[in-house]
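What follows is each chain in one-letter form.
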Amino acid sequence: MALFVIFGRFSRIHTIRQTTAFQHRTSPFKTIAAVRERSRNFHHLIQCLPNFLPNVVKIGSSMSSSPEGQDMMEVLACNSNQLADDLLAAGSNAGKRQKLVLDYLKVADRDGKSVTAEFPDGLDWFNVTESLTLQGSLRGKVVVLDFFTYCCINCMHILPNLKRLEHMYPIEEGLAVIGVHSAKFKNEKDSNNIRAAVERYEISHPVVNDNVSAMWRKLRVQCWPTLMILGPRANPLFVIMGEGNFDDLKLYVGSAIRFYKEKGEIQRHSLPLNLSGTGTIASNMKFPGKIACSIPPMDGAKDNNEEQLYAVSDSGNHRVLIIDSAGTVLHKVGGKQSGFLDGNFSNARFNAPQGVAFQGSDVVFVADNENHAVRRIDLKTQLVSTIAGNGTQGNDRIGGKSGRDQLLSSPWDVAVYSTRDLDMSFHADEASVPSKDVLLIAMAGIHQIWAIFLEDTIWWKFKKYGAGTCWAIAGSGHEQNRNTSYPHSAAFAQPSGLAINRVAKEVYLADSESSAIRKISLADGKVMAVAGGDRNPLDLFAFGDVDGKQYAAKFQHPLGVAYNPIDGCIYFADTYNHKIKKIDASTNCATTCEFRVANGTVRRFSEPAGLCLDRSGQLLYITDTNNHELLVANLADYSIRPVKLNFRVPEELDSVGENHPSGTTLKPTRPITMHPGAGQSSLRLTFNLTFPGQTTKLTEGAPQQWSIELPSSEWSCACTKGTIDTASGQSLQLLIAPPANDASVNGNDPSPIVLSFKLNLCEGDVCFPKEFTVLLEVQYSAKEVGHTNVERYDAQETYEVQLSREKLSLQQS
């Protein structure tokens with residue numbers, strides 16, 4: 001089965017074959033790509049391929065089940081693509097775009113039949129207390145089925161968009177997002193591993209482990225990621241393949257909800273939600289990602305007696321921990337809530353940081369993964385700054401910019417390499433030649449290796465790079481396992497780990513989606529195989545658990561890698577095999593390491609992701625990610641023990657500082673006055689967001705969440721939570737219905753109305769979160785309208801919320 005992908009706003013899609021074996025097929029189709037670099041044209045491309053390439057097998061032709069299902073997916077893909085093209089032609093004309101979708105929905109609703117597929121019995125579900133069905137609990141909802149696998153970086157890129165959508169349209173408003181997990185790797189079929197991934201990626205919607213890809217096959221899904229949108233009768237409406245389509249997704253879902261509300265088919269019932277959790281608080285760490293040592297082993301450090309420091313990315317807690325060799329936590333950088341904010345260690349915010357690397361002993365660079373940024377931690381000044389990226393995902397595959405102007409895509413690891421200028425000049429005393437530091441980046445989101453040149457540097461082929469500039473140095477951006485002598489012709493598959501061999505001038509990388517360890521010459525950029533994977537650069541399904549030499553060895557989605565110059569071995573985390581392995585760098589032979597705990601039993605890991613060696617090369621530090629633990633192994637006797645973290649201030653007593661912590665409560669100067677004896681009442685609340693600072697604004701594209709808690713269940717509001725749509729204004733209007741003739745007011749006023757806001761703002765080039773609560777007291781007083789009962793009483797209150805980094809206040813009109 002062949003699959004051709006247009007490289008536009010998304011970097012790849014995955015395919016699953018009908019057989020039990022899986023296989024990737026991704027390659028550029030430049031003839032059609034030149035027409036329009038849009039991922040949605042993929043659907044049109046599928047239909048048109050036979051016209052351009054008669055010998056190409058059309059997607060789905062090898063599938064053998066129900067032709068009816070086959071026809072449905074093909075027709076749905078074709079129609080969705082035609083709609084996407086029409087919307088593109090409509091440009092920014094919102095009225096025309098909405099009319100196009102409405103006209104489409106009228107035809108789709110008239111012609112569409114309910115899908116016959118249903119979630120099989122016995123599947124494991126997460127974030128819900130019971131199984132869901134399309135014709136049962138999901139009936140009456142617009143359903144977005146997100147077909148994903150948790151190893152896929154493009155699937156992860158879609159999750160923030162789904163979260164934004166869920167805030168805009170809560171379940172009670174008619175939207176249900178369901179994650180349908182269809183595994184690539186064997187490890188991903190295990191429900192315990194999926195549960196950990198659901199928690200790690202903070203997925204709050206229901207997820208089902210479709211471990212035999214039953215729904216995938218029944219609905220004729222062809223690739224990861226795929227979003228299928230169904231109407232309230234489980235009638236297919238739209239399909240979107242690939243990432244980078246949020247504007248269309250929002251338009252489709254919003255239009256469908258309005259369309260079916262007018263038809264009276266949307267049901268307002270909730271779902272039996274119950275967020276999955278693994279009880280990680282006791283460990284003080286949550287899904288630790290990577291670890292780095294301040295002094296590379298035997299690297300000619302000037303002061304070998306200098307204290308060794310370790311940086312650990314505490315990814316699930318959105319922070320970086322700086323510890324000593326005894327496990328004492330010297331610094332906690334960032335907070336337990338995600339965000340994107342520079343500043344001191346308490347105020348700074350990260351979002352699922354991964355790779356960490358020391359420059360000397362005072363500076364730590366961080367791959368701030370879900371912020372799509374590289375951050376710099378200065379341990380002397382105790383400040384965090386951003387050196388690349390601005391918090392939004394980019395698609396640049398060349399680079400050349402610096403700072404926040406250079407957009408990145410899911411940086412996963414970083415490594416500092418020192419080199420002299422590669423300018424072929426002769427020096428009588430090579431030791432006196434100054435070295436330049438280059439920060440290497442594993443850019444998992446676009447399958448490349450990048451570099452930030454920290455100083456003016458002459459690099460490969462005598463090219464000069466300015467200080468602070470960020471460039472792609474290896475990889476075409478195509479997702480492949482392609483080794484060549486020309487770095488930009490090579491191709492990687494979600495590179496996720498880096499380790500430098502300074503003597504050989506090579507960097508080893510964990511190429512996770514090809515399940516291989518590979519290397520790049522830092523002298524000329526040549527890309528070479530080390531072990532794992534397959535000779536065929538297009539085969540990204542050559543995984544397993546086999547020791548051996550080079551291609552005979554088989555791994556499963558490795559994430560972490562470290563090089564030990566003492567024994568000449570490359571140690572790596574064979575993540576999805578739950579093992580630590582090593583490769584002899586001189587022979588490319590891979591073997592499994594067995595570490596034993598105090599009682600003599602072999603230590604079992606759970607998706608370990610990070611490794612580093614101490615200065616002696618004898619101690620190997622391991623982040624055991626899904627066990628939420630840091631371990632240290634002695635390579636002399638292969639014993640292993642946990643590193644117990646010692647927080648000098650207990651975690652529960654250490655409040656993370658913010659300009660305005662989430663506990664900030666605002667109260668207006670006067671209460672809301674209602675009439676106690678009114679037969680019918682209404683209360684209209686308006687909140688206008690204003691910004692005293694001219695540069696302050698709501699962050700475009702970021703979720704702006706609110707929720708309301710009413711005095712009792714007898715009070716009602718059309719919507720109790722949602723998001724503020726920045727495109728339609730910066731205000732929130734709520735219509736609340738108090739109970740008629742409230743009998744609870746015999747001398748007692750009701751409980752207050754509580755509104756909670758979780759906003760994301762920007763001030764210039766600095767982004768920051770703002771969380772606060774507005775407490776509205778309600779009092780009943782007949783004096784305002786006379787002592788007698790009235791048939792109806794309507795009240796209206798308007799508030800102005802002033803927001804900036806330094807200010808948070810509430811004014812009542």
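Right, let's walk through the structure included here. Note that the coordinates shown come from a computational prediction; the quantities given were computed from them, not determined experimentally.

1. Details of the environment of leucine 138
Thinking step 1. Among the structural elements, leucine 138 can be located in the loop between β2 (124–126) and β3 (142–148).
Thinking step 2. Note on leucine 138: relative accessible area 1%, which makes it buried.
Thinking step 3. Linking leucine 138 and valine 177, residues 39 residues apart in sequence, is a C-alpha distance of 9.9 Å.
Thinking step 4. Look past the residues within four positions of leucine 138 in its chain and what remains in contact with it is Phe119, Leu132, Thr133, Val143, Ala176, Ile178 and Leu271.

2. Overview of the packing of helix α5 (residues 153–168) against helix α8 (residues 246–262)
Thinking step 1. Relative orientation of the contacting elements α5 and α8 amounts to 30 degrees, with a least axis distance of 11 Å. If you check the angle between α5 and α8, you find them roughly parallel. When the axes of α5 and α8 are compared, the crossing they make is right-handed. When α5 is examined against α8, the residues Asn161, Leu162, Arg164, Leu165 and Met168 are found in contact with a partner set consisting of Phe246, Leu249, Lys250 and Val253.
Thinking step 2. Of the residues that constitute the contact of α5 with α8, the class distribution is 6 nonpolar, 1 polar and 2 charged.

3. Examining the nonpolar core
Thinking step 1. Counting residues in hydrophobic clusters, the biggest one holds 80 residues, and the most contacted among them are Phe119 and Leu145.
Thinking step 2. For phenylalanine 119, the contacting residues outside a window of four places in its chain are Trp125, Leu132, Thr133, Leu134, Leu138, Leu145, Ile178, Val180, Val208 and Met215.
Thinking step 3. By size, the runner-up hydrophobic cluster in this structure holds 39 residues, among which are Met674, Phe768, Leu776 and Leu808.

4. A short note on the sheet that holds strand β41 (residues 680–690)
Thinking step 1. Sheet architecture is open: 5 strands sit in the order β44-β46-β41-β50-β51, paired in mixed fashion. Edge strands, defined here as strands with exactly one partner in the open sheet, are β44 (716–717) and β51 (808–812).
Thinking step 2. Bridge count for β44 against strand β46 (residues 731–737) is 2 bridges, and the pairing is antiparallel. Opposite cysteine 717, over in β46, you have isoleucine 736 as the bridge partner.

5. Points about α8
Thinking step 1. End to end, α8 covers 24 Å across 17 residues, agreeing with the expected 24 Å (1.5 Å per residue, within 8%).
Thinking step 2. Among the 17 residues that make up α8, 12 are buried, leaving the element largely enclosed by the rest of the structure.
Thinking step 3. Three or more residues of α8 are buried, namely Phe246, Asp248, Leu249, Leu251, Tyr252, Val253, Gly254, Ser255, Ala256, Ile257, Phe259 and Tyr260.
Thinking step 4. Just downstream of α8 lies glycine 264, where phi reads positive at about 75 degrees.

6. Observations concerning the environment of valine 507
Thinking step 1. Tracing the backbone shows valine 507 in strand β26 (residues 506–511).
Thinking step 2. Look at valine 507 and you get buried, because its relative accessible area is 2%.
Thinking step 3. Taking the C-alpha atoms as reference points, valine 507 and leucine 440, 67 residues apart in sequence, are found 9.1 Å from one another.

Quick notes on the rules
Residues numbered from 1 in each chain as written. Predicted model: local features only at pLDDT ≥ 70, side-chain atom pairs only at ≥ 80, totals over all residues. Heavy atoms only, no water. Helix = DSSP H or I, 4+ residues; strand = E, 2+ residues; numbered from the N terminus. Buried < 20%, exposed > 50% of the residue type's maximum accessible area, 1.4 Å probe, protein only. Contact = heavy atoms within 4.5 Å. Axes fitted to C-alpha atoms, helices over the stretch in contact; angles between N-to-C directions. Parallel < 35°, antiparallel > 145°, perpendicular 65-115°, else oblique. Left-handed = near helix turned anticlockwise from the far one by under 90°. Nonpolar A, V, L, I, M, F, W, Y, C, P; charged D, E, K, R; others polar. Core = buried A, V, L, I, M, F, W, Y, C linked by side-chain atoms within 4.5 Å. Pairing = 2+ DSSP bridges. Expected span 1.5 Å × (residues − 1).

Any link to function would need more than the numbers given here.
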